[in-house]
Every structure is written in C-alpha cells, then in structure tokens.
Amino acid sequence: MPKITYIENSGKSHTIEVSNGLSVMEGAVQNDIPGIDADCGGGMACATCHVYVKEEWFDKLPKKEDGEEDMIDMAFEPNKFSRLSCQILVSDELDGLTVSIPSKQG
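Residues numbered from 1 in each chain as written. Predicted model: local features only at pLDDT ≥ 70, side-chain atom pairs only at ≥ 80, totals over all residues. Heavy atoms only, no water.

As recorded by an unreviewed UniProt entry, the chain carries the name 2Fe-2S iron-sulfur cluster binding domain-containing protein and is attributed to Candidatus Pelagibacter giovannonii. The UniProt entry for the chain carries this comment under Cofactor (unreviewed entry): "[2Fe-2S] cluster". Checking UniProt for the chain, the heading Sequence similarities (unreviewed entry) contains the comment "Belongs to the adrenodoxin/putidaredoxin family." (UniProt positions renumbered as here; feature names shortened; annotations may be inferred.)

Below, the structure is given as structure tokens:
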C-alpha cells in the first residue's frame, strides 16, 4: 500500500498506508489525521480537506477540474500547490506523497 505523509501546521508528521483507490482525504479521515474535517464527505462542496501538496509531487497529480479550483478559491490561504484531498486518488504512483495541512484547519 502507498504511504502518504500528512504534516500538521505544528510540524507534527503522520505517515500512513492508504489503500489504492481511496482518496487522500479518506485516508486521513480513516486514520484520524487532525485538520482534515471532510465536512461534505468528499463531494467537493466545501474546502475542509484543503491541503498543500509538496512541490515535487504537484505535477505528478491529475490536473484540477474547474469545480475543485472554485472550492480552493474559497479555502483558507490557498496557494499554487493547493488541492482538495478528496480529489486526489491514491495509487502506487503516489507512494511517498506529502501534503501539509493549512493552519486554520489544524
């Protein structure tokens, strides 16, 4: 199973194995990672699963759809590496992915 690292705003790191086919958000929720609230359950109707993708991983992810971009615009302190973790599906190619959680969510 691919390992995904979630970094809280405090700097505390959580590296967990997430099954292929789950989203990065689902992996966080199932493992009680603080700061990934997922209020809409992955429906891309909120931004409570907003993360910053580590730069070297950003271009390895599928491109954002317009709906995701619209939600990120409403997120807390979005930047060019912002993604909704509900829209990132885990696969073997993402083994080692690192995401950081914005301060307001942590």
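*Asks:* Outline the overall build of the chain, listing residues and values.
*Replies:* Looking only at helices and strands, the chain has three helices and five strands in total. Written out in order from the N terminus, the α and β elements of the chain read β-β-α-β-α-α-β-β. Against the 2.2 N^0.38 benchmark of 13 Å for 106 residues, the chain shows a C-alpha radius of gyration of 12 Å, consistent with a compact globule. Judged by the C-alpha coordinates and their principal axes, the chain covers about 30 × 30 × 25 Å. Split by element, the accessible area of the chain, about 5,600 Å² in all, is 45% carbon and sulfur. Between the averaged position of the 9 positive side-chain charges in the chain and that of its 19 negative side-chain charges there is a distance of 6 Å. (Helix = DSSP H or I, 4+ residues; strand = E, 2+ residues; numbered from the N terminus. Rg over C-alpha atoms; globule rule 2.2 N^0.38 Å. Areas by Shrake-Rupley, 256 points an atom, 1.4 Å probe, with all protein chains shown as cover. Lys, Arg positive; Asp, Glu negative; His and termini not counted. Charge placed at Lys NZ, Arg CZ, Asp CG, Glu CD.)

*Asks:* Quick one: what's the story with the nonpolar core, residue by residue and with numbers?
*Replies:* A general tendency of soluble globular proteins is for nonpolar side chains to be buried together. Counting residues in hydrophobic clusters, the biggest one holds 30 residues, and the most contacted among them are Tyr 6, Val 24, Val 53 and Leu 97. Mapped onto this core, the elements with two or more residues apiece are β1 (3-7), α1 (24-30), β3 (50-53), α2 (55-58) and α3 (66-73). Among the elements that make up this core, the one with the highest residue count is α1 (three residues). Leu 97 has contacts with Lys 3, Ile 4, Thr 5, Val 24, Val 53, Trp 57 and Ile 88, leaving out every residue within four places of it along the chain. (Core = buried A, V, L, I, M, F, W, Y, C linked by side-chain atoms within 4.5 Å. Buried < 20%, exposed > 50% of the residue type's maximum accessible area, 1.4 Å probe, protein only. Contact = heavy atoms within 4.5 Å.)

*Asks:* A description of the sheet that holds strand β5 (residues 98-100) should follow, citing residues and the corresponding values.
*Replies:* The sheet built from five strands is open, its strands ordered β2-β1-β5-β3-β4 with mixed pairing. Unpaired on one side and paired on the other, β2 (13-17) and β4 (82-84) mark the two borders of the sheet. This sheet shows a mean twist of 35° between the axes of neighbouring strands, independent of strand direction. As defined by bridge partners, β1 adjoins β2 across five bridges and the pair is classed as antiparallel. Each bridged residue has a counterpart across the sheet, and for Ile 7 the counterpart in β2 is Ser 13. (Pairing = 2+ DSSP bridges. Axes fitted to C-alpha atoms, helices over the stretch in contact; angles between N-to-C directions.)

*Asks:* Give a detailed account of the packing of aromatic side chains, specifying residues and quantitative values.
*Replies:* Inspection of every chain in the model, using the stated rule, returns one aromatic pair. Here Phe 58 and Phe 81 contribute two aromatic rings whose centre-to-centre distance is 5.5 Å and whose plane-to-plane angle is 85°, an arrangement assigned as edge-to-face. A residue pair is termed long-range when its members are at least 10 positions apart, and Phe 58 in helix α2 and Phe 81 in the loop between α3 and β4 qualify at 23 residues. For Phe 58, a relative accessible area of 17% puts it in the buried group. Of the residues examined, Phe 81 reaches a relative accessible area of 18% and is grouped as buried. (Phe/Tyr/Trp six-rings, centres within 6.5 Å; stacked < 30°, edge-to-face > 60°.)

*Asks:* Tell me about α3, and please be specific about residues and values.
*Replies:* In an α-helix, one full turn covers 3.6 residues, which means residues spaced three or four apart are oriented alike. Within α3, burial applies to Glu 68, Met 71 and Ile 72. Considered in projection along α3, the buried side chains sweep an arc of 100° and stay on one side of the axis. Turned more than 90 degrees away from the buried face of α3, the exposed residues are Asp 66 and Asp 73. Looking at the buried residues of α3, the elements they touch are β4. (Arc of directions from axis to C-beta.)

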